[in-house]
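Summary of the model geometry
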Amino acid sequence: MTPTSADSAAAPVRLARIGGDGVGPEVVDAAVRVVNALCGDRIEWIEAEMGWRTFERTGRALPEATVEILEGCAGALFGAVSSPSHAVDGYHSPIVELRRRLDLYANVRPLKSGAIDAVVVRENTEGLYAGRERWEREAEVAIAERVISRRATERIVRFACGLALSRAVQRRSPARLTVVHKANVLRLSDGLFRETALDVVAGFPEIEVEEQLVDSMVYRLILEPERYDVIVAPNLYGDILSDAGAALVGGLGVVGSANCGERFCLAEPVHGSAPDIAGQGIANPVAAVSAAALLLERVGFADHAAQLDELVATCRKNVPRTPDRGGDATTEDVVAHLLAAI
């Protein structure tokens, strides 16, 4: 990611903290404590809310007041949202709506552990998550429309190319990009994604490019994850690939993600709200801390982000293990370990 600028001598950078649902408030609080220990008073946190609990109380999963707060911030750290599995009148996923409202078109999910060092870049605004669903035949048939546009594909592939080049400089290695699609079957929609992606990467001759069909990509990612660098894919494919990849690097409890636009970054852990353990103090905060590192990088604190990444990488091996990783440690045990390391 190319971070936005931040002057360390200027006023504190304003970031929002949004707990959300389930274990979200617990892991966000943990991550904020770790960031504050590292950055001191260089960050000003602003409280905001969204999610299912907010909807139940106010009738809006994403209140306008929250959008106004976020528009005055450089970024936000978000916990999780619990969405009902059935249709609820008036309810729409707040994270999907927020991605559209703030044009957070790129979802970035690093996969790093040992020899594995890859990043899944997922188009965030279209695909099957465009929300175009309808009933036919008196609710006997459900139709979902999949949306792929040239404009959205061009900018997500350019974003991925920029990331591949910056990673190549940092790691002193060739820049590599894998374009994922299913154009052999979905000839119009994935065909447009493939055609547009290849047109964009033709302007980056220094990047090594390969194509993978999405089903083959899942197989190869599991068998030989160390061969991949930056992977770019439409919305649903990127979602599936990043969750599958998380299993290779320690599980969903340790992986963070960032939703990036031109002016704003919303970072979040990928593990979801985990309502079955909410309030028990045993949620793994490492994914939220990893997400916070992505947020710090994006808002201009690259050195602090690198320190946090190094801390997380070290602590993944030695940190007390919460139940999701086969241990009996609490959230507070992990936080105390991270704070002591800082």
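The structure contained in this document is the topic of the report that follows. (Residues numbered from 1 in each chain as written. Predicted model: local features only at pLDDT ≥ 70, side-chain atom pairs only at ≥ 80, totals over all residues. Heavy atoms only, no water.)

Comments concerning the overall build of the protein
- Helix and strand counts for the protein come out as 11 helices and 12 strands.
- Here the protein has a C-alpha radius of gyration of 20 Å; the compact-globule value for 342 residues is 20 Å, and the two agree.
- Expressed as a percentage of the 342 residues in the protein, the buried residues total 51%.
- Within the protein, counting contacts between residues at least 6 apart in sequence, those at least 24 apart form 72% of the total.
- If you sum the accessible surface of the protein, you get close to 15400 Å²; carbon and sulfur atoms cover 50% of it. (Helix = DSSP H or I, 4+ residues; strand = E, 2+ residues; numbered from the N terminus. Rg over C-alpha atoms; globule rule 2.2 N^0.38 Å. Buried < 20%, exposed > 50% of the residue type's maximum accessible area, 1.4 Å probe, protein only. Contact = heavy atoms within 4.5 Å. Areas by Shrake-Rupley, 256 points an atom, 1.4 Å probe, with all protein chains shown as cover.)

Things to note about unusual backbone geometry
- In the Ramachandran plot, arginine 137 falls in the positive-phi region, its phi being about 55° despite a non-glycine side chain.
- Mapped onto the elements of the fold, arginine 137 is located in the loop between β6 (133-136) and β7 (141-144).
- Taking the relative accessible area as the measure of exposure, arginine 137 reaches 67% and is therefore exposed.
- Here arginine 172, not a glycine, exhibits a phi torsion of approximately 55°, which is positive.
- Looking at where arginine 172 falls in the secondary structure, it is placed in the loop between α5 (150-171) and β8 (175-181).
- Relative accessible area serves as the criterion here: at 80%, arginine 172 is assigned to the exposed category.

A word on the pairing of strand β11 (residues 256-260)
- Extensive coverage of β11 is indicated by the burial of five of its five residues.
- One ladder, built from five bridges, connects β11 with strand β12 (residues 265-269); its direction is antiparallel. Along β12, the bridge assignment pairs serine 257 with glutamate 268.
- Hairpin geometry of β11 and β12 is characterised by an intervening segment of four residues between the two adjacent antiparallel strands. (Pairing = 2+ DSSP bridges.)

Section: the pairing of strand β4 (residues 106-113)
- As paired strands, β4 and strand β5 (residues 116-123) are joined by eight bridges and run antiparallel to one another. Counterpart to serine 113 in the pairing with β5 is isoleucine 116.
- As judged from the three bridges shared by β4 and β11, these two strands associate in the antiparallel manner. Within β11, the residue paired with valine 108 across the bridge is alanine 258.

Focus on the layout of surface pockets
- Computed from the structure, the largest pocket encloses a volume of approximately 1200 Å³.
- Considering the residues around the largest pocket, the lining is formed by 39 residues, among which Ser83, His92, Ser93, Val96 and Tyr129 are closest to the centre.
- Within the residue set of the lining of the largest pocket, elements represented by two or more residues are β3 (75-80), α4 (94-101), β6, β7, α8 (235-246) and β12.
- Looking at which element gives the most residues to the lining of the largest pocket, the answer is α4, with five residues.
- Of the pockets and cavities examined, the second largest pocket occupies roughly 930 Å³.
- Taken together, 34 residues make up the lining of the second largest pocket; nearest its centre are Pro110, Lys112, Asp117, Arg167 and Asp309.
- Mapped by element, the contributors of at least two residues to the lining of the second largest pocket are β4, β5, α5, α9 (286-298) and α10 (302-318).
- With 10 residues, α10 is the single largest residue contributor to the lining of the second largest pocket. (1 Å grid on protein atoms, 1.4 Å probe; cavity = no way out; pocket = protein on both sides within 12 Å on 5 of 7 lines; lining within 4 Å. Points joined across faces, edges and corners; volume = space filled by probe spheres on them.)

Description of the side chain of aspartate 229
- Mapped onto the elements of the fold, aspartate 229 is located in the loop between α7 (214-223) and β10 (230-233).
- A polar contact is formed between the side chain of aspartate 229 and the side chain of arginine 167, at a distance of 2.8 Å.
- Residues in contact with aspartate 229, not counting those within four places in the same chain, are Asp117, Ala118, Val119, Arg167, Arg171, Pro174, Ala175 and Arg176. (Polar contact = N/O pair within 3.5 Å; in protein donor to acceptor, adjacent residues only side chain to side chain.)

Regarding the nonpolar core
- The biggest cluster of nonpolar side chains holds 82 residues, and the ones touching the most others in it are Leu77, Val121, Leu177 and Leu308.
- The leading source of residues in this core is α9, at nine residues.
- Residues Phe55, Ala61, Cys73 and Ile95 belong to the second largest nonpolar core, which totals 21 residues. (Core = buried A, V, L, I, M, F, W, Y, C linked by side-chain atoms within 4.5 Å.)

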